[in-house]
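Now for the letters of each chain:
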Amino acid sequence: MYLGLDLGTSGIRALLMDGAQRIIGSAHADLSLSRPHPGWSEQTLEDWITAAKAAVSALRAAHPVEFGAVRGVGLSGQMHGATLLDDAGRALRPAILWNDTRAADEAAALDARPEFRALTGNIVFPGFTAPKLLWVARHEPEVFRKTARVLLPKDALRLWLTGEAVSEMSDASGTSWLDVAARDWSDDLLAATNLSRDHMPRLVEGSAPSGDLRAELLSDWGLSGPVVVAGGAGDNAASAIGMGMVHEGQAFVSLGTSGVLFAANDAFRPKPESAVHAFCHAVPGRWHQMGVILSATDALNWHAKICGMDAAALDAEIGASVQAPGAVTFLPYLSGERTPHNDARIRGLFAGLGHEADRPALTRAVMEGVAFALADNLAALRSAGARVERVVAVGGGSQSAYWLGAIATALDLPVDVPERGDFGAAFGAARLGLMAESGQGIDAVCTPPVIDHTIAPDPALRGAFDDAYARFRKLYKVMA
């Protein structure tokens, strides 16, 4: 049996999988987000551990016999977060998360140094880890002085699980400290933020062992050791492992809190000026390119809250048949934007409102705005050499037939919808746990899902979508 733990922004998911990759069960524990100032986003290590205990406890209670046979654990997590620990392993402040934009000035300063793009293959985005440390050094110097270790969120959870300070290549790629081609920390980039390798965890591949579950947890969870903990992956690379997206030409679109267009690569293909992320994959010798929008289902959930409804009710209200975009245009930049704009200060917008703009019209505009932002991502990925001919849809937003139809038409790509099942980050983490414990290879474990149906672009709506997309792009230029 294998346990996958996915530390997301809104909660922790624990998934139990057997050796044949059949999902036995899963459990979830919620997490809250703190926004003490505009543009800030924080969580605490203590809350992560509490949620992990709750999710594991619920999973164990539901499947006690199967859980007792766990032999491997895999980790997935939200990327880029800065968890600062003192020399005793205690958190010095709340973790600064991926969607926190306070370090925009520090990011720009680091990005102006040519070695950062040259070695990482990426822009230094405000949400990345390195500029957060520069911000802490400038605004909280006592915290910076006491910082002995910097860990990414899932790796802070690993420290609790194993006692080992370890990270892996996919998550480390989003720190702005990794030489992504060499798959190793860069001493020069660390020095630019007054840090050294001593502050960093050691690195392993995502499918390799990173340590064993601590004896205390073995006892608490009723397990016999050893239980191997895999390197794991950042959330999107873990989702790619869960969907078997490990070969050149395979791609997926994820509609989660953020939106992601992900393409697997067999080589490192950086093009920083495109604002495309070029990162290591979670398995050896593979990389990936990724376009990221900061608000996908987050935008629809925001709209639903304003309407006093939930997102599922809004989706049901508009039905499944895609319509030509109306007069209303929505920019989904509620927390700024990454690809292709690298603009932490831009904000969202409804434009073209008239008396006829009812609630369904606004809901469709929100979904179309996310689809057009993903079309921007597709153009950026292709400019960076990615080959994307179709995509597999995952994430909570992929339950909306309307949204997927709008995305298929906006991107002019077929969207494959898997058979019902779980192919997300927790499943990918469990697969990495299986590889770390058993030694099985990539192709044996990382098989793609069976496709239930495909949503094709609607040629009759292409002209209307092209016109609306042009309006969307012009609005950004007006707002920027």
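That block above? That's the structure.
Residues numbered from 1 in each chain as written. Predicted model: local features only at pLDDT ≥ 70, side-chain atom pairs only at ≥ 80, totals over all residues. Heavy atoms only, no water.

Asker: Describe the pattern of salt bridges, naming the residues involved and giving the relevant values.
Answerer: Per the counting criterion, the structure on display carries 26 salt bridges. The shortest N-O distance in the salt bridge between R102 and D100 comes to 2.8 Å. D100 carries the same exposure label as R102, and that label is buried. For E106, the salt bridge is made with R138, and the minimal N-O distance between the two is 3.5 Å. Here E106, found in helix α3 (residues 104-111), pairs with R138, found in helix α5 (residues 129-139); they are 32 residues apart in sequence, far enough to count as distant. When its relative accessible area of 48% is taken as the criterion, R138 is described as partly exposed. In this structure, a network of salt bridges that share partners links the residues E42, R93, D100, R102 and E140. (Salt bridge = Lys/Arg side-chain N within 4 Å of Asp/Glu carboxyl O. Buried < 20%, exposed > 50% of the residue type's maximum accessible area, 1.4 Å probe, protein only. Helix = DSSP H or I, 4+ residues; strand = E, 2+ residues; numbered from the N terminus.)

Asker: Residue-level account of helix α13 (residues 311-318), with values.
Answerer: Looking at α13, one finds that the buried residues are A311, L314, D315 and I318. Along α13, the residues classed as buried sweep out an arc of 100° about the axis, all on the same side. Along α13, the residues that are exposed and aim more than 90 degrees away from the buried face are A312 and A316. In this structure, the buried residues of α13 make contact with α12 (297-307), α14 (359-383) and α15 (401-411). N-cap assignment for α13: the residue whose side-chain oxygen lies 3.3 Å from the backbone N of A312 is D310. (Arc of directions from axis to C-beta. Contact = heavy atoms within 4.5 Å. Polar contact = N/O pair within 3.5 Å; in protein donor to acceptor, adjacent residues only side chain to side chain.)

Asker: So what about α3? Which residues, and what values?
Answerer: Looking only at α3, the buried set comprises A104, E106, A107, L110 and D111. Down the axis of α3, the buried set is contained in an arc of 160°. They therefore lie on one face. Tucked inside the fold, the buried residues of α3 contact α4 (114-120) and α5.

Asker: Describe in detail the state of the cysteines, supporting the description with residues and values.
Answerer: Applying the stated rule across the entire model yields zero disulfides. No disulfide involves C280; its sulfur sits 16 Å from the nearest other cysteine sulfur, which is in C446. (Disulfide = S-S within 2.5 Å.)

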